[in-house]
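# Observations on the three-dimensional arrangement
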Amino acid sequence: LPPADQLAHQAQHILHHLFAAPLRAYLDIALLLKKHGGGLSPSDLAESSARWRTGRALPFLLNMTSALLETPLPSQLAECCGGMRPSEAETAVTALFNLPAARDRAGESTLLDFREASSVGKLRLILRRVFMPRQFMTLYYPCARSRLGLPLAWFKRAARLYRRGRSLAAAAAEDSFSKHRHQDIARQRRQLTEKLLQQP
């Protein structure tokens, strides 16, 4: 990929994980800037942002990387990147130093959606998680390879999600301060991602 697209791809990766990305993600951006920054122009960044649909995330992440790793931006990019909003920068830094475990990150978005949804929304979410497309079901339930076995695969998936839901409910009942804090941070990370994905 051209350097601008590599940067946009890295931004898309960080957004995909809702900023639950380690410092290495920012280091990769810094290394790309060090190697190719002199040949990048604001129009290159704008075009790659449009192609990869990263909204205003790319300028934000370039600023974030510059501040975190004390690497100055190339002069031609410094003006187009502009300044960061303090509240957004605070959320990103808080996320960086409060990374969830990989197993917690796996179901984090679904759990947030479930907690914030209405009763009807919760039912729709459950049904969508059970009645997944056949292509997905065959990855985890071999019986789904046959159309006759697909209902059995759905039943197994429903049972699996039920067991997982019960274990999550039991864990939530502990009501610890750290869990509430991680949930709040996860919500803020998602809000930041949604804001940055909006076109400027």
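Residues numbered from 1 in each chain as written. Predicted model: local features only at pLDDT ≥ 70, side-chain atom pairs only at ≥ 80, totals over all residues. Heavy atoms only, no water.

## Brief notes about the overall build of the chain
Counting its regular elements, the chain contains twelve helices and zero strands. The linear arrangement of helices and strands in the chain, starting from the amino end, is α-α-α-α-α-α-α-α-α-α-α-α. A separation of at least 24 residues holds for 70% of the contacts in the chain among residues at least 6 apart in sequence. When the accessible surface of the chain is split by element, carbon and sulfur atoms take 58% of a total near 12,300 Å². (Helix = DSSP H or I, 4+ residues; strand = E, 2+ residues; numbered from the N terminus. Contact = heavy atoms within 4.5 Å. Areas by Shrake-Rupley, 256 points an atom, 1.4 Å probe, with all protein chains shown as cover.)

## A few points about the packing of aromatic side chains
The final tally for this structure, using the stated rule, is three aromatic pairs. When the ring of Phe131 is compared with that of Trp154, the centres are 5.1 Å apart and the planes differ by 70 degrees; the resulting orientation is edge-to-face. With Phe131 in the loop between helix H9 (119-130) and helix H10 (134-140) and Trp154 in helix H11 (residues 150-172), the pair connects residues that are 23 residues apart, well separated along the chain. Judged by relative accessible area, which is 46%, Phe131 ranks as partly exposed. (Phe/Tyr/Trp six-rings, centres within 6.5 Å; stacked < 30°, edge-to-face > 60°. Buried < 20%, exposed > 50% of the residue type's maximum accessible area, 1.4 Å probe, protein only.)

## Section: the side chain of Thr65
You can see Thr65 is positioned in helix H4 (residues 57-69). Overall, Thr65 belongs to the buried group, its relative accessible area being 0%. If we ignore the near neighbours within four places in the chain, the residues touching Thr65 are Tyr26, Ile29, Ala30, Glu70 and Thr71.

## Describing the packing of H4 against helix H6 (residues 86-96)
Running from amino to carboxyl end, H4 crosses H6 at an angle of 65 degrees, the nearest separation of the two axes being 11 Å. Where H4 crosses over H6, the handedness of that crossing is right-handed. Contact residues: H4 offers Phe60, Met64 and Leu68, while H6 offers Glu88, Ala89, Ala92, Val93 and Leu96. In terms of residue class, the contact of H4 with H6 is made up of seven nonpolar, no polar and one charged. (Axes fitted to C-alpha atoms, helices over the stretch in contact; angles between N-to-C directions. Left-handed = near helix turned anticlockwise from the far one by under 90°. Nonpolar A, V, L, I, M, F, W, Y, C, P; charged D, E, K, R; others polar.)

## A look at the nonpolar core
Generally speaking, nonpolar side chains in soluble globular proteins are found buried as a group. Residues Leu7, Ile14, Phe19, Leu33, Phe60, Leu61 and Leu62 are the most contacted members of the largest nonpolar core, which totals 29 residues. Counting residues per element, the ones that place at least two in this core are helix H1 (3-16), helix H2 (23-36), H4, helix H5 (75-81), H6 and helix H12 (177-197). Beyond its immediate sequence surroundings of up to four residues, Ile14 is in contact with Phe19, Ala21, Ala25, Tyr26, Ile29 and Leu61. Ranked by size, the runner-up nonpolar core spans six residues in total, among them Tyr141, Ala144, Leu150 and Ala153. (Core = buried A, V, L, I, M, F, W, Y, C linked by side-chain atoms within 4.5 Å.)

## With respect to the pattern of salt bridges
Applying the stated criterion across every chain yields a total of five salt bridges. Here Asp28 and Arg24 are joined by a salt bridge, their closest N and O atoms 2.7 Å apart. Pair noted here: Asp28 and Arg24 are both in helix H2, with a separation of four residues, about one helical turn. Taking the relative accessible area as the measure of exposure, Asp28 reaches 23% and is therefore partly exposed. Exposure remark for Arg24: the relative accessible area of 53% places this residue in the exposed category. (Salt bridge = Lys/Arg side-chain N within 4 Å of Asp/Glu carboxyl O.)

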